[in-house]
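These are the residues of each chain, in order.
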There are 2 protein chains.
Amino acid sequence: MERTMSARERLIQATSHLVELQGYHATGLNQIIKEGGAPKGSLYYYFPNGKEELVAESVAIHGQAVTEQIRKALANTTDPAEAIYAIITYVASKFEHSDFIKAGSIASVALETAHISERLRKVCGEIYMAWRSAYESMLIEHGMMSDKATRIATLITASIEGAVVLCRTYRSSEPMLFIAEELKQLIEQARKQV
Amino acid sequence: MERTMSARERLIQATSHLVELQGYHATGLNQIIKEGGAPKGSLYYYFPNGKEELVAESVAIHGQAVTEQIRKALANTTDPAEAIYAIITYVASKFEHSDFIKAGSIASVALETAHISERLRKVCGEIYMAWRSAYESMLIEHGMMSDKATRIATLITASIEGAVVLCRTYRSSEPMLFIAEELKQLIEQARKQV
C-alpha cells in the first residue's frame, strides 16, 4: 500500500516538477500550491523563507534521489562503458516518454540562479559534484587513473546536462543517444590504455 | 572609428547580455530598455510583438555570430583535435574573464522556453544545429565517416552547453578545461581508426 504523501512532500514534488519544466523564475508559489494540492498555510509553515528555501530543498532532495539511482546503476557492474551507456539510454527513454520534461536535470535552476542566489548555486554545485563522484569512483574502481576518471566523469555529467537542452529544443532523444554511444566508446578506449 | 550602434542594435545587445546572465523570465522589458539606453518607444517600434520577438531576434543574431566564430576557428585547420581544443579553451578563458557570464551559451533561454514558445524553441534548435554542423563538416573534411562525425559534433555541442552550467555553478572554468582535454583525445582516437 502506497503511503500518502504529506503536504510538505507534495509541495516539494510539485516544485521539483514545475522547476524542471519551466525553470525557477517562471514558477510561482501559487502555482506550486495548486499543483501540490496543499493548503496555502502549509507552504509558509514548512518554508517560512519562501521560494528560495523551497526550491533549495526540492533540488537537494531530487538531486540526492538521482545520485542514488546513478550509484545503484553502477554498483557491481563488470563493464563500466556498458554501465554508462545503460544510464544515458535510460535517461533518453524516460525523457522521451515524459514529453521531454523528466530527465532529472537541474540545469534550468542552476543557470537561472547561479548569479542571484548563493544558496541555490551551492546546492546545485553539491549535486553536480555528487553525480560526478559517482561516475568517477566507479571508473577508479575499475582501474582508471584518478585524473583521467575525474575528467571523464566531468564529461559525462556535462554532456548529459547539455544533451537535455538539445533534446528539449529538438523534441527528440537523438542527441542523448548520440552522446551515449560516444561516451561508451571513449570509456572503452580509455580502459584499453590503462 | 567604431560605428555608433542604433537603438535597435543596443536593444538586441542588452537583451543578449541579460538573457545569458539571468534567463528569459527574469529579464523584463524595462530592464532591457534601461540596459540598452534606448528610448522606450523604440522597443515597441522595432519589436511590436514584445519580448518573445525581441529575444528571438537577439538569440538568432547572437547564435549566428557564434556560428561564424566557430567556422572561422575551424577553417584551414590541419589538426581537428587541436582546433576543437583551442575553441573550448578559448570559451573557458572568455567565460572566466566575464565572471562566468559570457560563454556564448543559449542554454538558459532554450531550457526556459522550449515548452512555452514554439518560436523560441525553433530559433534555439536552428542555432544548435548550425553549431553542430560546423564541427561535423570540419570532421568530415578531415576524413571522418559521416555518422561518427555527427555523433562527435553532437557531443561537442552538448558538452560545451553542459560545461557552461557546471562552470557557472562551481564558479570555476575547470569543467570546461576537462571536457576540452577529453574531446581532444576522443577526436585523436577516432581519427586513428579511420
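Numbering of residues starts from 1 in every chain and runs along the sequence as written. To read the labels, note that chains go from A and ligands from 1, taken in the order they are written. The model is predicted, so local features are restricted to residues of pLDDT at least 70 and side-chain atom pairs to those at 80 or more, both for listing and for counting; the totals for chains, interfaces and linings are taken over all residues. Side-chain numbers here rest on the full set of heavy atoms in the structure, without hydrogens or water.

Things to note about the interface of chain A and chain B
- We call two residues in contact whenever any of their non-hydrogen atoms come within 4.5 Å of each other. Taken together, the contacts link 50 residues of chain A with 50 residues of chain B.
- Both sides of the chain A and chain B interface together cover about 4400 Å² of buried area, and 69% of this is carbon and sulfur.
- Throughout, buried area stands for the accessible area (probe radius 1.4 Å) lost by two parts on being put together, summed over both. The three residues of chain A that bury the most area against chain B are Leu111(A), His115(A) and Glu182(A), which together make up 17% of that side's buried surface.
- Any carboxyl oxygen of Asp or Glu that lies within 4 Å of a side-chain nitrogen of Lys or Arg is treated as forming a salt bridge with it. At the boundary of chain A and chain B, one finds 4 salt bridges.
- Here Glu182(A) ties to Lys148(B) by a salt bridge, and the two come within 3.0 Å at their closest N and O atoms.
- Whenever two N or O atoms come within 3.5 Å, that pair is a polar contact, provided that in protein one can donate a hydrogen and the other can accept it, and provided that, for residues adjacent in sequence, both atoms are side-chain atoms. If you look at where chain A meets chain B, you find 14 residue pairs in polar contact (both at pLDDT 80 or more).
- Counting only elements with at least two residues in the side of chain A that touches chain B, the list comes to helix 1 (7–22), helix 6 (107–113), helix 7 (118–141), helix 8 (146–170) and helix 9 (174–192) of chain A.
- The element best represented in the side of chain A that touches chain B is helix 8 of chain A, accounting for 18 residues.
- Residues are grouped as follows: Ala, Val, Leu, Ile, Met, Phe, Trp, Tyr, Cys and Pro are nonpolar; Asp, Glu, Lys and Arg are charged; every other residue, Gly included, is polar. Tallied by class, the residues present in the side of chain A that touches chain B amount to 24 nonpolar, 14 polar and 12 charged. Numbered from the N terminus, helices here are DSSP runs of H or I no shorter than four residues, and strands are runs of E no shorter than two.

Describing the environment of Ala190(A)
Residues and elements named next belong to chain A.
- If you trace the backbone, Ala 190 turns up in helix 9.
- Counting along the chain gives 102 residues from Ala 190 to Ile 88, while the straight-line C-alpha distance between them is 18 Å.
- Look past the residues within four positions of Ala 190 in its chain and what remains in contact with it is Met 144, Lys 148 and Ile 152.

A few points about empty space enclosed by the protein
- With a 1 Å grid spanning the protein atoms alone, the term cavity applies to any set of points in which a 1.4 Å probe fits but cannot get out, the term pocket to an open set with protein on both sides within 12 Å along at least five of seven lines, and the term lining residue to any residue with an atom within 4 Å of a point. Grid points are joined across faces, edges and corners, and a volume is the space filled by probe spheres set on the points. If you walk through the whole model with that rule in mind, you get 2 cavities of 30 Å³ or more.
- Lining the largest cavity are 14 residues; nearest its centre among them are Val19(B), Glu20(B), Ser105(B), Ile106(B) and Val109(B).
- Among the elements of the structure, helix 1 (7–22), helix 4 (51–74), helix 6 (107–113) and helix 8 (146–170) of chain B are those that each provide at least two residues to the lining of the largest cavity.
- Tallied by class, the residues present in the lining of the largest cavity amount to 7 nonpolar, 5 polar and 2 charged.
- By volume, the second largest cavity amounts to about 80 Å³.
- Lining of the second largest cavity is provided by Ser16(A), Val19(A), Glu20(A), Ser58(A), Val59(A), His62(A), Ser105(A), Ile106(A), Ala107(A), Ser108(A) and Val109(A).
- Within the residue set of the lining of the second largest cavity, elements represented by two or more residues are helix 1, helix 4 (51–74) and helix 6 of chain A.
- Considered class by class, the residues forming the lining of the second largest cavity number 5 nonpolar, 5 polar and 1 charged.

Section: the relation of the copies chain A and chain B
- When the copies are superposed, the least-squares fit draws on C-alpha atoms of residues that have pLDDT of at least 70 in both. Expressed as a screw operation, the relation of chain A to chain B combines 0.0 Å of axial shift with a rotation of 180°, fitting to an RMSD of 0.0 Å. Overall, the copies show the geometry of a two-fold rotation axis.
- When the interface residues of chain A are mapped onto chain B, 100% of them again lie at the interface, so the same face is used by both copies.

Observations regarding the pattern of salt bridges
All names here are of chain A.
- Under the definition given, this model contains 18 salt bridges over all chains.
- The partner of Arg 171 in a salt bridge is Asp 99, with the nearest N and O atoms 2.4 Å apart. Here Asp 99 lies in the loop between helix 5 (80–96) and helix 6 and Arg 171 lies in the loop between helix 8 and helix 9, a separation of 72 residues in the sequence.
- Categorising residues by exposure relies on relative accessible area from a 1.4 Å probe, with only protein chains included: less than 20% of the type maximum marks a residue as buried, more than 50% marks it as exposed, and the intermediate range marks it as partly exposed. Residue classification places Arg 171 among the partly exposed residues on the basis of a relative accessible area of 30%.
- The shortest N-O distance in the salt bridge between Glu 118 and Lys 122 comes to 4.0 Å. With Glu 118 and Lys 122 both in helix 7 and 4 residues apart, this pair spans about one turn of that helix.

Things to note about helix 2 (residues 29–36) of chain B
Residues and elements named next belong to chain B.
- Looking only at helix 2, the buried set comprises Leu 29, Ile 32, Ile 33 and Gly 36. Relative to the axis of helix 2, the buried residues are bounded by an arc of 100° and lie together on one face. Among the exposed residues of helix 2, those oriented more than 90 degrees off its buried face are Asn 30 and Lys 34.
- Just beyond helix 2, the residue with positive phi is Gly 37, at close to 60°. It is the directions from the helix axis to the C-beta atoms whose arc is reported.

A closer look at the packing of aromatic side chains
- In summary, the pairing rule links any two rings of Phe, Tyr or Trp, Trp by its six-membered ring, whose centres are within 6.5 Å, and it sorts them by plane angle into stacked for under 30 degrees, edge-to-face for over 60 and tilted for everything else. By the definition in use, this model includes 6 aromatic pairs over all chains.
- The interplanar angle of 75° and the centroid separation of 5.0 Å between the aromatic rings of Tyr45(B) and Tyr46(B) together place this pair among those described as edge-to-face.
- For Tyr46(B), a relative accessible area of 32% gives the class partly exposed.
- Sitting over the face of the ring of Tyr24(A), Lys51(A) holds its NZ or CZ atom 4.5 Å from the ring centroid.
- A positively charged side chain is recorded as over a ring if its NZ (Lys) or CZ (Arg) lies within 6 Å of the ring centre. The angle to the ring normal must also be within 35 degrees. Across the ring face of Tyr85(B), the terminal group of Lys184(B) is positioned such that the distance to the ring centre comes to 4.6 Å.

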